[in-house]
Amino acid sequence: MREPSADRQPFGLMAEFCAPEQLVHAVRRSREAGYRSLDAYSPYPLEEMPQALGMNGNAVPWLCLAGGVLGAATGYGLQLFTNDAYPIATGGRPLFAWQPFMLITFELMVLFAVGFTIAGMLVLNHLPRLHHPVFAVTDFHRASADRFFLAIFCNDPRFEITQTAAFLQSLEPLRVEAIQSTEEPE
Amino acid sequence: MSETASDTRITAEITRIPLHYPHMRNWWLLFGFSLVLLGCFFVAAGALFLNGVGMWGNNIPVNWGLAISNYVWFLGIGHAGTLISALLLITNARWRNSLNRFAEAMTLFAVVCAGLYPILHLGRPWLFYWMAPYPNTMTLYPQFKSPLSWDFFAVLTYLTVSLLFWYIGIVPDLASVRDRAKTRRAQVLYGLAALGWRGSARHWARWQQAYRLTAAIAVPLVVSVHSEISLLFAAGPIPGWTSTVFPPYFVMGAAFSGFAVVLMIAVTLRHALSLRDIVTERHLDLLARFLLTTGLMTAYGYVYEVFDALYGGQKQDLATLHDRFTGLYAYSYWGAVIFNFVPLQLLWFRGIRARPAVLFLIATSVVVGMWYERYMLLMTALYRDYLVSSWGEYHASLWEWLLFAGMIGVFLAPFLLFVRFLPVISAFEVKEALRETGDLSHA
Amino acid sequence: MTADRQRERWERAAAGRPGGVDRRTVLKAMAASLALAGLSGCGAQADEKALPYVREPEGFTDGGIRWYATAAVFQGYAQPVLGKTVSGRPIKLEGNPDHPVCGGATDAFTQAALLGLYDPARSQAPRREGRPVAWSLFERFADDLAVRLDQEKGRGLRLLTGPLSSTTMLAQIAAMMRRWPQARWHVSDPAGPAEWRRASRQLFGRVLDRQPAFDKAEVVVSFDGDFLGPGPRQTPNARKFAEARRRRQAGKGRFRLLAAEPVPSATGVAADGRLVASPGRIGRLLTALAEGLESGTLPVAGLSRRQSDWLCDALTALKAAGPRGLVIAGDYLPADLQALAMRVNHRLGSFGETMRFSEPVLTAPPDGEESLSVLVRDIDAGAVSTLMVVGANPVYAAPGDLDLARRLKTVATTIHAGTHRDETAALCQWHLPLQHDLESWGDARAVEGSVSILQPLVRPFYDVRAAAVLLAGLMGRNVSDRTLVEETWRERWGADFPGRWQQALLEGRAADTAAPAVLPTPVGAAPAIVPETAAEGLTLVIRPDAGVWDGCLSDNAWAQETPRPLSKVTWGNVIGIGPGLALERGLETGDVVTVSVGRASLAGPVRITPGHDDGVVSVTLGYGRRHEGGLAEGLGHDAYALQESTDRWQRGGLRLEPAGRREAIATTQPHQAMDGFDFVRTVLPGSAAPDGKHAEENASFYPKAPVQDPSWGMVIDLDLCIGCNACVTACQAENNVPVVGKDLIVEGREMHWLRIDHYHDGDIADPKHHFQPVPCMHCEDAPCEMGCPVNAAVHSADGLNLQVYNRCIGTRTCSSYCPYKVRRFNWFDFTGNDPETIRAMRNPDVTVRSRGVMEKCTYCVQRIAEARIAADRQGRDIQEGEVVAACQQACPTTAIVFGNIADNASAVSKGKADPRNYTLLAEANTRPRTTYLARISDPGEEKG
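Residues numbered from 1 in each chain as written. Chains lettered and ligands numbered in written order. Predicted model: local features only at pLDDT ≥ 70, side-chain atom pairs only at ≥ 80, totals over all residues. Heavy atoms only, no water.

**Q** Go over the interface of chain C and chain B, please, and point to the residues and values.
**A** On the chain B side, the residues contacting the 55 residues of chain C number 53 residues. Together, Arg807, Ile809 and Arg851 of chain C form the three largest contributors to the area buried by chain C at its contact with chain B, with a combined 16%. The tally of links from chain C across to chain B stands at 1 salt bridge. Taking the shortest distance from any N to any O, the salt bridge between Lys821 of chain C and Asp385 of chain B comes out at 3.1 Å. At the boundary of chain C and chain B, one finds 31 residue pairs in polar contact (both at pLDDT 80 or more). Residues belonging to the side of chain C that touches chain B are distributed by class as follows: 27 nonpolar, 15 polar and 13 charged. (Contact = heavy atoms within 4.5 Å. Buried area = accessible area lost by both parts, 1.4 Å probe. Salt bridge = Lys/Arg side-chain N within 4 Å of Asp/Glu carboxyl O. Polar contact = N/O pair within 3.5 Å; in protein donor to acceptor, adjacent residues only side chain to side chain. Nonpolar A, V, L, I, M, F, W, Y, C, P; charged D, E, K, R; others polar.)

Here it is in structure tokens:
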């Protein structure tokens, strides 16, 4: 489920933990409790997290493959086209000599594959996004160092500020705090 | 101590470097020095553009001189970063995390130096872009059957991929620096660079996929790139070049010289930025083992080359071989053999591998040795090719040496800026590794 | 010091080094461009009275292209040429195909004459005491002089010229001597065959010219006679030699060439049997041969095994050949030896057969060979009050002991007329700039005597005058050079004048004016030859330089940069020593030594010359020039200093001390040993070159491209090449090949598209020598093309390996990959700041290359294009022989054959079908279009 837009008030609720295991546990509990629109924040990737959040997206690998295929095609096509557009005899080689063409084909395959992978990753993550409500949360700057956060967003059907807050408290976090909206509703 | 406590410490230790750098005086001294070298670069390049390649010692038959041998040398060095980072990532060797960041940075700047050389050595450098296929009124395109076209694409791809790989690797740490930054300016700058990374689990998941895929692709790329560089020589019909051993030979040599430089940098940074408990002795030990291994592989290349010539039995090849041992440039052959492989043997001893200073010296000798090798491969083949009548000698002119010094500056200056302003070690990966292994020296 | 200045000048002028162009160069260029109104735009015009060449080749009639039959004068002899002019500018000289002497070929000197015409360093205005003055000033002076001479019957007037065959000028001189009976005419001929003239007097009581018929000979035995080497007779000699060789190749008769010489020469390289012998030993061998011929038994006492074998071989061969035998004694051997050799010829009965004679072509001055010495004697006696030097440079080019530099000062009035402000000009009160032959009307006789009328290819573009006009002026006549020449021949031809004049201009040669043949008989007995003196010390051998001859070409950049045939040295002369002597004295090539004979001495770098006699030290003339601003200023050493008027060419009692320093020798081929490779192959007569077709069989990764018609190819016959450099200089002229100067040659950056490799093979003391011209091979599977990333090196449909200059970015991969290293790179801007004149000389059909691009031999693609256009116009195919490459055109031995290999009837196809045909470096598997015909080893050896 996508995050709500930044003008919702409150944007959601945030619970802070001091250990990765707690966060993983908390995420599992929240999903058992039926929460779907939630996210976790950690200073480094946690192996268990994708499964815990129920993520099973393979978009990035597919993009990589697509990029690779496109790159290879571009590379080989480019060489075929240019040699056809302006045929020039060189070194006694045939105009279309596949052997030497392979190298550039390979290079462009790699280039495109990597390009697609990384660009795709950024796009799917909606990055760059310099401004986000969670940044306003107390201590959130430690999400990049040594603290672990769980956020339940307001667009979750089961989201109800007091109940959800109470639920989060039941997970024994260091702190539960509302995420303030950062933009005025229009 | 609790994990999070060590997380805190690691974060602090690494992010403190860009935010308030420890030894500013030494840094300025070094940076000033590298700026002087950079100045040499602009002087040498300027004079070159003004007057032409004639400023150098090149001639017929030695069309290529220092420029091209340095090109191969720099590019070789530039192979370790991505190789270490990617290869060790997909083989799940956690200890890489303390090294990969600066290794990759080193790669980037080395490749930039390498890329500049072929352009400078052109007769008409201002037309270098004719190497690229772009639509033009003459509908004239590059000649894709030429090893130079291959190199052009290889180096370009390698540079781009290395840059992207390095960048997405550093983004989370930039975020971490952003969050620690006190001044507004720092917050804004690092914030922009961090792309608003907030450590979301969903982001991490896709990030990891992308990072691992890139790594997996980068490994064959590294191999392909230096193989293609070797074809720049192997594809020509010149005795001493036309050998099938060249691609693997070059790749091994590249990794060898690259690891040497990584080792040098590791020892230096470890000492300069007092990162002893992040770049531990075990890291140095592992690097040393890698150096030894790749060194022995390169040595095999030497042996095979001799065997190749003897087995082929072509009069010309034998002449070139003999010339390498005894000819005008024999010093470069023996220089390569001695600097590359003699001190290297010390690495068999654990005691030695535990002594950073000694490791640094050995690595330096390897870097020098590999420079000799590149020079030797170029010279011994070119200055005496087929026809006795066209033999000629090559002596690099002062301008070429000046340019070489300048290139060191081109490498050093940005690298020092990187050390000064960016997290030189991948903090989050160290932490991640720490969580899994629970021991820093394994991290 | 001056050497540095000279180098700088060249770097800057030619190479465009940092620091730009120095002042002198600027002035030179400015002076040129000022004077060049005549050359710019359509202004340049040949004299309207000049008549274009009668048989203009197809397609050459448009584009303002005109050919004129005229001649370049060298050593007084006419070298018949066709001059190609484009919109009035002469851009190329080629041999006159209708002339019996050259048959269309030229030598390197003649090719270089074109640059002499455009030389920006030429003298451009009259000078008095070094200051430029108007011609009128001299005219007034000349009038007064004439008046005085009339009163004094010409007392004290001396006229000094170079060797002359010009009927007009000789007539003028005769008239002058009649008008001023007490005046006297002298000739300075520093490299002329004075010893032969003495020998001729001794033999026949008068001077006769030798006209040897090598083509008729079956055996030629040469005693230090370099008849294939540089000199006015090189072209005809080489042609006749080639004819004989081709006869042998075809199996239609025998031809053997045996040579004994102290210093390797073109003749020695071409010889079937070469013997290394000191000058003294050569005398001994010749006398022995003569005796052997008389008595039938060879006195071989005191001869080494090698020598006696060679001598026996020569004797038996000569006996067998009889009248078809020919003994040649070098022009520079003592008169007695030359006379003896001639008696041997007479004994063989070869007079009129292989050794023919004619009336002398050059007119000797009153005192004959002593002319210059007499002048000096008279100067000392104070009998000379007015000295007029025309077209000679005795201050530099004369034996050291004559010391004219000092003596000239004692003469009251001195006048010098020449094309350059040379050493003599510097010491004369008056200097008058002369016209170049190619911009003048005149006449001269070729070596066989037939007269060529010189017609100008272009109007003079400096304020200069013809020598004949000067002489006429002195005698009070103000006429044009054309009038003078016309008068001369109208007088001689009378009523036939109009027709004969026209014919002479059209064909470049006045019909039946050849010198009448004579069949003399030797008078008296041969004088006793002084026996070979036990060699005290070393013998010095002095010879003219293969590049700049006696110095007359030392201001010519092409001549300077053309590698000397054997040493491959440029921009200077060296001291040649044998390997044995080098070992004994611990000398290496480049060590500077001081060579002294009597009081005279010189210093220069030695060059170890394989096959060089160890008792001999050899130097060449033409260097050590001292005139200000000359191109050659400060280059090499002056060997004239070691000459003595009585004893000029070989001198005993030579001392040689190391000077303890080294000097860079600008050579284009440092390594000349073949090192056991088979670059040049030698086969027995009738047998095939090993694996000649090797290249074709080599498997390729790719399918072969089909051969189209036409497909251009070249065959070079190494059995005929005499390494004379005519092709090299012709290529330089045709293709606007830049000159780079001494420094860049040292750095290995010469630009010649065509080079002639010289190899020595075997025992370094007495090796086999070979020449091998190496143009671009135009490979079918060219590595250069494969290497070029920007499609600058490409293959044309007709098989040319093309270089697209404006596409080249200068990666130099092509050259790195080239197994033959025939590619040349513009390391600097070699053409940007060429003087105006040099620009005017360029061939408009050939791109001028800029800095940073690669260039190389194109098989003269511009000539192929011209022929194709002509053929297309007439809707036909290109005919065999229609495309002639510049190198092929110039070659006097026709060793270079070029044409369509798709046409089996073509000469080049026949050549490639020859069993001697082989591919250079077949192992590189590039399938070259240029192949070679192996040398044929001595039939004499095959017997044994």
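**Q** How would you summarise a nonpolar patch on the surface if you had to cite specific residues and measurements?
**A** Residue and element names in this part refer to chain B. A cluster of nonpolar residues, Trp334, Ile338, Phe339, Val342 and Val368, forms a patch on the protein surface that exposes about 430 Å² of accessible area. Top element by residues in the nonpolar patch is helix α12 (residues 330-341). It accounts for 3 residues. Considering the arrangement of structural elements, one finds Val368 in helix α14 (residues 356-382). Its relative accessible area of 32% is what places Val368 among the partly exposed residues. (Patch = residues over 30% accessible without salt bridge, like charges linked within 9 Å, V, L, I, M, F, W, Y side chains within 5 Å. Areas by Shrake-Rupley, 256 points an atom, 1.4 Å probe, with all protein chains shown as cover. Helix = DSSP H or I, 4+ residues; strand = E, 2+ residues; numbered from the N terminus. Buried < 20%, exposed > 50% of the residue type's maximum accessible area, 1.4 Å probe, protein only.)

**Q** Provide a residue-level description of the interface of chain A and chain B, including the pertinent values.
**A** Each side of the interface is counted separately: chain A has 69 residues, and chain B has 61 residues. Buried surface at the junction of chain A and chain B, summed over both partners, amounts to about 5600 Å²; 66% is from carbon and sulfur atoms. Area buried by chain A at its contact with chain B is led by Tyr44, Pro45 and Glu107 of chain A, which between them contribute 12% of it. Along the contact surface separating chain A from chain B lie 3 salt bridges. If you list the elements that add at least two residues to the side of chain A that touches chain B, you get α1 (20-32), β2 (38-41), α2 (49-53), α3 (59-85) and α4 (98-124) of chain A. Sorting elements by how many residues they give to the side of chain A that touches chain B places α4 of chain A first, with 16 residues. Looking at the side of chain A that touches chain B residue by residue, the classes come out as 46 nonpolar, 12 polar and 11 charged.

**Q** Tell me about the packing of helix α16 (residues 481-493) of chain C against helix α17 (residues 497-507) of chain C, and please be specific about residues and values.
**A** Residues and elements named next belong to chain C. Relative orientation of the contacting elements α16 and α17 amounts to 125°, with a least axis distance of 9 Å. It follows from the interaxial angle that α16 and α17 lie oblique. For the element pair α16 and α17, the recorded crossing hand is right-handed. Side by side, α16 and α17 meet where Val485, Glu486, Trp489, Arg490 and Trp493 of the first sit next to Phe497, Arg500, Trp501 and Ala504 of the second. Across the contact of α16 with α17, the residue classes tally to 6 nonpolar, no polar and 3 charged. (Axes fitted to C-alpha atoms, helices over the stretch in contact; angles between N-to-C directions. Parallel < 35°, antiparallel > 145°, perpendicular 65-115°, else oblique. Left-handed = near helix turned anticlockwise from the far one by under 90°.)

**Q** Break down the pairing of strand β11 (residues 273-276) of chain C for me, citing the residues and quoting the values.
**A** Residue and element names in this part refer to chain C. Burial along β11 is two-sided: the face carrying Gly273 and Leu275 and the face carrying Arg274 and Val276 are both buried. Pairing analysis gives 4 bridges linking strand β10 (residues 256-261) to β11, with the strands arranged parallel. Paired with Ala260 across the bridge in β11 is Leu275. (Pairing = 2+ DSSP bridges.)

**Q** So, the sheet that holds β11 of chain C: which residues are in play, and what are the values?
**A** Residues and elements named next belong to chain C. Read from one edge to the other, the open sheet built from 4 strands follows the order β11-β10-β9-β12, with strand pairing classed as parallel. The sheet is open, and its two edges are formed by β11 and β12 (325-329), each paired on a single side. The mean inter-strand angle of the sheet, taken between neighbouring strand axes irrespective of direction, is 10°. Bridge count for strand β9 (residues 219-223) against β10 is 5 bridges, and the pairing is parallel. From the neighbouring strand, Val221 faces β10, where its bridge partner is Leu258.

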